[in-house]
Amino acid sequence: MYYKLNRNVMFRNYVSFGYITDNRNFGYKKADNSSDDIGDKIVSQAGAVFLSALSQKPQTLDDIIREISMQFSAVDLETIRSDAKEFYSELEQDGFIVSGETMHECDKKDLRFSYRKLVPTIMNGDSYPTNKDLKRDTQAFLDEFFGNEPQLTNLHIDITNKCNERCIHCYIPHDNKVNHFETDLLYNVLEQSNEMKLLHLTLTGGEPMLHPNFANILRKCKSYNLSVNVLSNLTLLNDEIIEEMKTNGLLSIQVSLYSMDSKIHDAITQKAGSFELTKNAITKLIENDIPLQISCPIMRLNKDSYKDVLNWARSHNIRVGCDYVIIGKCDYTTQNLRSRLSINDIKDVINYKIVNEPGYCEQLRNEADQKRGNTPDDIVCSICHSSICIAENGNVYPCAGWQGYVVGNVNEKPLRDIWNNSRDIQYLRSLRNRDFPKCIQCPEKTYCTMCMVRNANEHPSGDPLTVNEFYCEIAKYNKEIVQNCKNI
């Protein structure tokens, strides 16, 4: 008999216990919003040893038992065999592992993602869960187990800041886009992250496929059983990259598509021909059953055509997210905000969502209900509690877009040291809702999300505590919409 981990599953050994989870908290949702998640499971210390013996490749039970026996030298092989078969049978029923009489049968039973298996969605855009009692996610479990001691589960790495597009709304100054992340240093960071039990990694840039070792980087990530999201314009996609992506069941792609009108898309990217390259690459990913999500930021240039992207994505069973949030540049200049929608335009977008995206109003209401339980002593957001980012020069910064706030550098100190001991990180972790007194007293506070990078990047000196009032008006309108959505 052969056994292997499900291709959509991650396992982490915390020595005193084991944690196994599917990719639902980290990968992109399916277009049909089907709920076929496996879930997660805690196993004992002995169970962690049994799970550690498995991999993403089929192994015979005899080989697995020999590896387990090295940790239980006082136990006879037949007892280990009996316990292993019972334990693996339970995990297989839960969907975490697969087995087969042959290696081929084992691989065949480990079904991979396929667009052809999706039920066509009737939505124009996002669909939203209406159940308030959603499954507890991985971070909630770890927070509870470790007593809210910060655990790094999400890492964002700019593997290059070079880019072959010049998007008008980008928060990274184009003059800075000149360097790659040194490969040896990157691999060292991945090894450090593995030791810290990292689960999810975002690879971006710049354009990550400009990195000369991009395919090898994907292979390295797979070796650490990491959930990997790649943020790319896909204009440089090639057969080698596609073949490597197909081997990783924990990999998904996010690509920006701004309009189905090539002139509008190319005007935003400021690269002629970029629309055709991106659209054709999306089609290739679909043909190869590589999980994909389209991001369509809504701005002045595409406010009248973004809906075409929603409809095109729906016709191809691709999940698509549209957002009107555009943040200022990370050097605290704001020229890119000329592309941002006006408040009235944003209201039009919200109205469209209410009418055309079932569950959106209910989602706003649910989120507001959940935030009503927040207290002045609660943390502001997850930055530096579960996530961190690293720039191509080794600078560590709090979250995407906030490259101007450097909390350390992996060329100078190990990532764990920065995570645990950086004074800047300790400061950010110390911030609480009470540090934003205006927000605590605001009647729309449950319809708003405090975002320090939005504050900092639009403040002349980068102050994260000065509230960005542009979004206050949006929160007020969201509240109004929810209170009246039955009449819309």
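Above this text sits the structure in question.
The paragraphs below set out a description of the structure included in this document. Nothing here was measured: the structure is a model prediction, and the numbers come from that model.

1. Examining the overall build of the protein
Here's step 1: Within the protein, the secondary structure is distributed over 18 helices and 15 strands.
Here's step 2: Taken over C-alpha atoms, the radius of gyration comes to 23 Å for the protein, in line with the 23 Å a tight globule of 488 residues would show.
Here's step 3: If one aligns the C-alpha atoms of the protein with their principal axes, the spans along those axes are about 70 × 50 × 45 Å.
Here's step 4: Put simply, the protein has 488 residues, and 52% of those count as buried.
Here's step 5: Of all intrachain contacts in the protein linking residues separated by at least 6 positions in sequence, the fraction that spans at least 24 positions is 72%.
Here's step 6: When the accessible surface of the protein is summed, it comes to about 22100 Å², and 47% of that surface belongs to carbon and sulfur atoms.
Here's step 7: Computing the positive centroid from 56 side-chain charges and the negative centroid from 65, the protein places the two 4 Å apart.

2. Looking at the packing of aromatic side chains
Here's step 1: Scanning all chains against the criterion turns up 12 aromatic pairs.
Here's step 2: Ring centres of Tyr306 and Tyr352 lie 6.2 Å apart, and the angle between their planes is 80 degrees; on these two criteria the pair is classed as edge-to-face. Taken together, the residues Tyr306 in helix α11 (residues 306-315) and Tyr352 in helix α12 (residues 343-356) connect sequence positions 46 residues apart.
Here's step 3: Given the relative accessible area of 3%, Tyr306 is considered buried.
Here's step 4: On the basis of relative accessibility, which here comes to 14%, the residue Tyr352 falls in the buried class.
Here's step 5: Every member of this aromatic cluster is reached through a ring pair, and the members are Tyr3, Phe50, Phe72, Phe87 and Tyr88.
Here's step 6: The side chain of Arg454 reaches across the aromatic face of Tyr471, ending 3.8 Å from its centre.

3. Description of the sheet that holds strand β4 (residues 40-43)
Here's step 1: Strand order in the open sheet formed by three strands is β2-β3-β4, with antiparallel pairing between adjacent strands. A single partner strand is all that each edge strand has here, and the edge strands are β2 (9-13) and β4. Direction aside, the axes of adjacent strands within the sheet are offset by 15 degrees on average.
Here's step 2: Examined bridge by bridge, β2 and strand β3 (residues 18-22) share five bridges and lie antiparallel to one another.

4. Looking at the side chain of Asn248
Here's step 1: Its place among the elements puts Asn248 in the loop between α8 (239-246) and β10 (251-256).
Here's step 2: For Asn248, a relative accessible area of 9% gives the class buried.
Here's step 3: Sequence-distant contacts of Asn248, that is, excluding residues within four places in its chain, are made with Arg7, Lys222, Leu226 and Val228.

5. Brief notes about the nonpolar core
Here's step 1: Counting 92 residues, the largest nonpolar core has Met245, Ile282 and Ile294 as the members making the most contacts within it.
Here's step 2: Sequence-distant contacts of Ile294, that is, excluding residues within four places in its chain, are made with Val255, Leu257, Ile282, Val309, Trp312, Ala313, Ile318, Arg319, Val320 and Gly321.

6. Topic: the packing of helix α13 (residues 360-371) against helix α18 (residues 470-484)
Here's step 1: Contact pair α13 / α18: the axes reach a minimum separation of 10 Å and the direction vectors enclose 115 degrees. Relative to α18, α13 is oriented roughly perpendicular. Between α13 and α18 lies a crossing whose hand is left-handed. Of α18, the residues touching α13 (which contributes Cys361, Leu364 and Arg365) are Asn478, Ile481 and Val482.

7. Looking at the sheet that holds strand β12 (residues 319-323)
Here's step 1: Spatially, nine strands are ordered β12-β11-β10-β9-β8-β7-β13-β14-β15 in an open sheet, and the strand pairing comes out mixed. Two strands bound the open sheet, and with one partner strand each, they are β12 and β15 (408-409).
Here's step 2: Bridge count between strand β7 (residues 154-158) and strand β8 (residues 200-204): five bridges; the pairing is parallel. Its bridge partner lying in β8, Asp158 is registered against Thr204.

What counts as what
Residues numbered from 1 in each chain as written. Predicted model: local features only at pLDDT ≥ 70, side-chain atom pairs only at ≥ 80, totals over all residues. Heavy atoms only, no water. Helix = DSSP H or I, 4+ residues; strand = E, 2+ residues; numbered from the N terminus. Rg over C-alpha atoms; globule rule 2.2 N^0.38 Å. Buried < 20%, exposed > 50% of the residue type's maximum accessible area, 1.4 Å probe, protein only. Contact = heavy atoms within 4.5 Å. Areas by Shrake-Rupley, 256 points an atom, 1.4 Å probe, with all protein chains shown as cover. Lys, Arg positive; Asp, Glu negative; His and termini not counted. Charge placed at Lys NZ, Arg CZ, Asp CG, Glu CD. Phe/Tyr/Trp six-rings, centres within 6.5 Å; stacked < 30°, edge-to-face > 60°. Lys NZ or Arg CZ within 6 Å of the ring centre and 35° of its normal. Pairing = 2+ DSSP bridges. Axes fitted to C-alpha atoms, helices over the stretch in contact; angles between N-to-C directions. Core = buried A, V, L, I, M, F, W, Y, C linked by side-chain atoms within 4.5 Å. Parallel < 35°, antiparallel > 145°, perpendicular 65-115°, else oblique. Left-handed = near helix turned anticlockwise from the far one by under 90°.

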